[in-house]
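Observations on the three-dimensional arrangement
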Amino acid sequence: MTEATSVTPAPDALAGVLADAPFARLVATDDGDALAAAALLARALRAVGTPFQVRVSRDPVPDARDDAVAVAVGADRGPHAIPGTRCPASADAFAIARALGDDDPDPVVALAGVVAAGSVPGTDGSGDALAAAEDDDRVRRRPGVALPTADVADGLAASTLVRTPYSGDGEAARAALAELGLPADIDDDAHRRLASLVAVDVADADGASARAASAVERALRPYATVGDAAPFETVGGYADVLDALARAAPGTGVALALDADPDTELRTAALDAWRTHGLAAHRALDAATTARYDGCFVARVDLAGDDTEGGDGVAPDAAAVLPTVARLARDFRSPEPVAVAVDEAAGLLAAAAINGGRAADDAATGGDRAADDAPPEPIGIGDACRSAAGDVGGDGWGTAERGGIAVAESETDGDITGALAALREAL
């Protein structure tokens, strides 16, 4: 199915449709921004007494059976959608929730979605959410690194907002922190030293791209959550957890994002899934065989050979981890505008492209463009994946910035290697 291009409806327009709905079906793409946006809409629907259903899909198709109103979140599908192309879907959803009648939509969830979209709180339409969070003393900007946990080594090892020599390795992270000599009670000065360490280690890591130095910026000087405003230490850490859950444990992700005060059991389950996902993604990229082509950087991985899932011999889910591997490669390793992660054994690939429309992109320092050059138009990765998949009898999906292809072993028209060749041609 080809992605359409349309203007996001005004908040009042979609709010009016939802206000009259006997039932609402929300389907979100499998990323943290869309998950946060769907949760904001669902909370607003709950506040005004409208029944709803929320689900997450890598290739969402709105389901408007019966008299229900269906809304696609994170993709431009059907008559009602919040595509997240003009600005993060969560920023639009925050405005729609207010227009629907929710007097106090959660600004921290909205800002977490904004960060998950690759943007910066206060930009790309998220100014109202940031103002609400600051006015209610729910967030405070401070030096340091955006992590979901108070355990810095645990956070650095699993975070997918950064890519350091100790990413994916908790013991190596602890060793790096030991050399830094941080106090038990980390103050602003210690946070600054931590941020400096991470920024330098990201930029100087083996194989780091020119883009890495700018990509790490969204993890620095985070908005810390205040008191019980959110279940995690920082807005950026919350974003990282939501993004991981959207792919690795969508049921837990929906439950977490819908709960204004998640209990310890839910928070622990969310962190466990986030940690497992992040470690698997980093370790897969560590072990990847990489190649550079014109316009495309390819990382070939073998997730079946990784037992990161708790060390119990269970390999990570390639369908969940590959998109994160592709994003990490795009942000921190690829000198090209598109990064592709391929797992031949799983018959899957995931692709991620530079987004030219976000505040945190590489307009200033990534690639070979001058700082005053206009950012490139986002490459239509989703449509390219659909086209390439069709050439080999596979299944393709995605949005303008990311996508994937699956080719079953039984297909006689081609395999995932052929799909990669077709994707490179389509790009």
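These notes cover the structure that comes with them.

**Comments concerning the sheet that holds strand β1 (residues 24-29)**
One open sheet holds the four strands; their spatial order is β2-β1-β3-β4, and the pairing between them is parallel. Of all strands in the sheet, those with a lone pairing partner are β2 (52-57) and β4 (81-82), marking the two edges. Lying over the sheet, helix α1 (residues 11-19) contacts β1, β3 (69-73) and β4, oriented at roughly 140° with respect to β3.

**Some points on the environment of Ala255**
With respect to the helices and strands, Ala255 occurs in helix α11 (residues 250-258). Expressed as a C-alpha distance, the spacing of Ala255 and Val54, which sit 201 residues apart in the sequence, is 9.8 Å.

**Details of a negative patch on the surface**
The grouping of Asp228, Asp261, Asp263 and Glu265 at the surface amounts to a negative patch. The class for Asp263 is partly exposed, based on a relative accessible area of 45%.

**Comments concerning helix α13 (residues 318-332)**
Taking 1.5 Å per residue, 15 residues should reach 21 Å; α13 reaches 20 Å between its end C-alpha atoms and fits that length. With 14 of its 15 residues buried, α13 lies for the most part within the structure. Backbone nitrogen of Ala319 and a side-chain oxygen of the N-cap are separated by 3.1 Å at the start of α13; the cap is Asp317.

**Here we look at the pattern of salt bridges**
Summed over all chains, the structure comprises 21 salt bridges. Arg174 is the partner of Asp151 in a salt bridge, and the nearest nitrogen-oxygen pair spans 3.3 Å. Of this pair, Asp151 sits in the loop between β5 (139-141) and α6 (152-158) while Arg174 sits in helix α7 (residues 170-180), placing them 23 residues apart in sequence. On the basis of relative accessibility, which here comes to 40%, the residue Arg174 falls in the partly exposed class. Here Asp331 makes a salt bridge to Arg330, at a shortest N to O gap of 2.8 Å.

**Looking at the packing of helix α3 (residues 89-100) against helix α4 (residues 107-116)**
Where α3 meets α4, the closest approach of the two axes is 7 Å, and the angle between their N-to-C directions is 155°. Put simply, α3 runs roughly antiparallel to α4. Residues Ser90, Ala91 and Phe94 of α3 touch α4, and the partners they reach there are Pro107, Ala110, Gly113 and Val114. Among the residues making up the contact of α3 with α4, the classes are represented as five nonpolar, two polar and no charged.

**Brief notes about the sheet that holds strand β8 (residues 296-300)**
Overall, mixed pairing links the six strands, which are arranged β7-β8-β9-β10-β12-β11 in an open sheet. Since the sheet does not close on itself, it has two edges, and those belong to β7 (289-293) and β11 (395-398), each with one partner. Mean inter-strand twist for the sheet, computed between neighbouring axes without regard to direction, equals 15°. Pairing of strand β10 (residues 348-353) with strand β12 (residues 402-406) involves five bridges; the strand directions are antiparallel. Residue pairing for β12: Ala351 is matched across the bridge by Gly403. Against the sheet, α13 touches β8, β9 (338-343) and β10, its axis set at about 35° to β10. Where helix α14 (residues 381-392) meets the sheet, its contacts fall on β9, β10, β11 and β12, and the angle it forms with β11 comes to roughly 175°.

**Concerning the pairing of β9**
Most of β9 sits out of view: six of its six residues are buried. Taking every second residue as pointing to the same face, both faces of β9 are buried, with Val338, Val340 and Val342 on one and Ala339, Ala341 and Asp343 on the other. Relative to β9, β8 runs parallel, the two sharing five bridges. What sits directly across from Cys296, in β9, is Val338. By the bridge criterion, six bridges tie β9 to β10 in an arrangement that is antiparallel. Considered in β10, the bridge of Val338 is made with Ala353.

**Things to note about the packing of aromatic side chains**
Counted according to the given criterion, the structure contains one aromatic pair. Above the plane of the ring of Trp397 lies Arg58, whose end atom (NZ or CZ) is 3.6 Å from the centre. In this arrangement the basic side chain of Arg424 is found over the ring face of Tyr293, its NZ or CZ atom lying 3.7 Å from the centre.

Criteria and cut-off values
Residues numbered from 1 in each chain as written. Predicted model: local features only at pLDDT ≥ 70, side-chain atom pairs only at ≥ 80, totals over all residues. Heavy atoms only, no water. Pairing = 2+ DSSP bridges. Helix = DSSP H or I, 4+ residues; strand = E, 2+ residues; numbered from the N terminus. Contact = heavy atoms within 4.5 Å. Axes fitted to C-alpha atoms, helices over the stretch in contact; angles between N-to-C directions. Patch = residues over 30% accessible without salt bridge, like charges linked within 9 Å, V, L, I, M, F, W, Y side chains within 5 Å. Areas by Shrake-Rupley, 256 points an atom, 1.4 Å probe, with all protein chains shown as cover. Salt bridge = Lys/Arg side-chain N within 4 Å of Asp/Glu carboxyl O. Lys, Arg positive; Asp, Glu negative; His and termini not counted. Charge placed at Lys NZ, Arg CZ, Asp CG, Glu CD. Buried < 20%, exposed > 50% of the residue type's maximum accessible area, 1.4 Å probe, protein only. Expected span 1.5 Å × (residues − 1). Polar contact = N/O pair within 3.5 Å; in protein donor to acceptor, adjacent residues only side chain to side chain. Parallel < 35°, antiparallel > 145°, perpendicular 65-115°, else oblique. Nonpolar A, V, L, I, M, F, W, Y, C, P; charged D, E, K, R; others polar. Phe/Tyr/Trp six-rings, centres within 6.5 Å; stacked < 30°, edge-to-face > 60°. Lys NZ or Arg CZ within 6 Å of the ring centre and 35° of its normal.

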